[in-house]
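# Results of the structural survey
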Amino acid sequence: MKAHVITDGKVSNTIIVDSLDFMPGLVEATAGSIGWDYIDGQFVDNRPAAVEPEPALATTKEQLMAEIAALTAKIQALA
C-alpha cells in the first residue's frame with residue numbers, strides 16, 4: 001500500500017509498505033502528495049498557487065507599433 005511519511009504535520013515522502021506499522025509517522029496515502037499538510041486526520045493542500053506566466057511580449061516591429069499606438073491613445077484620453 002502507499003503511505004505518506006508525516007513529518008511536523010506535513011507529507012514529507014510517499015513510500016510503498018506492507019503495513020503502516022513499518023515505521024512511526026506513516027499514514028495511508030488516500031489523498032495528497034509531498035508538501036501537503038496533514039491536519040486532524042485530513043490531507044490539506046496549503047501549497048502556494050502556481051504563478052500565471054506573463055503574457056508574451058510583442059515580437060515584431062508591427063506589434064510594437066500597435067502597442068505604442070494603443071498606449072498613446074490611452075494617455076491622450078487621460079489628458
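Description of the structure in this document. Please read all numbers here as calculations on a predicted model, not as lab measurements. (Residues numbered from 1 in each chain as written. Predicted model: local features only at pLDDT ≥ 70, side-chain atom pairs only at ≥ 80, totals over all residues. Heavy atoms only, no water.)

### Overview of the pairing of strand β1 (residues 2-7)
As judged from the 6 bridges shared by β1 and strand β2 (residues 10-16), these two strands associate in the antiparallel manner. Across the sheet, Val5 pairs through a bridge with Asn13, a residue of β2. Counted along the chain from β1 to the antiparallel partner β2, the turn is 2 residues long, and its residue Asp8 has a positive phi close to 50°. Of the strand pairs in this sheet, β1 and strand β3 (residues 26-28) are connected by 3 bridges, and their pairing is antiparallel. (Pairing = 2+ DSSP bridges. Helix = DSSP H or I, 4+ residues; strand = E, 2+ residues; numbered from the N terminus.)

### So, the side chain of Asp37
Here Asp37 shows up in strand β4 (residues 37-39). Within the structure, the side chain of Asp37 is placed 2.4 Å from the side chain of Lys10, a separation counted as a polar contact. Among the polar contacts listed, one links the side chain of Asp37 to the side chain of Asn46, at a separation of 2.5 Å. Ignoring sequence-local partners within four residues, the contact set of Asp37 consists of Gly9, Lys10, Gln42, Phe43, Val44 and Asn46. (Polar contact = N/O pair within 3.5 Å; in protein donor to acceptor, adjacent residues only side chain to side chain. Contact = heavy atoms within 4.5 Å.)

### Structural notes on the side chain of His4
Inspection of the secondary structure puts His4 in strand β1. What makes His4 buried here is its relative accessible area of 2%. There is a polar contact of 2.8 Å between the side chain of His4 and the side chain of Thr14. Reaching out from His4, the side chain makes a polar contact with the backbone oxygen of Gly32 at a distance of 3.5 Å. Other than its neighbours up to four places away in sequence, His4 contacts Val11, Asn13, Thr14, Gly25, Leu26, Val27, Ala29, Ala31, Gly32, Ser33 and Phe43. (Buried < 20%, exposed > 50% of the residue type's maximum accessible area, 1.4 Å probe, protein only.)

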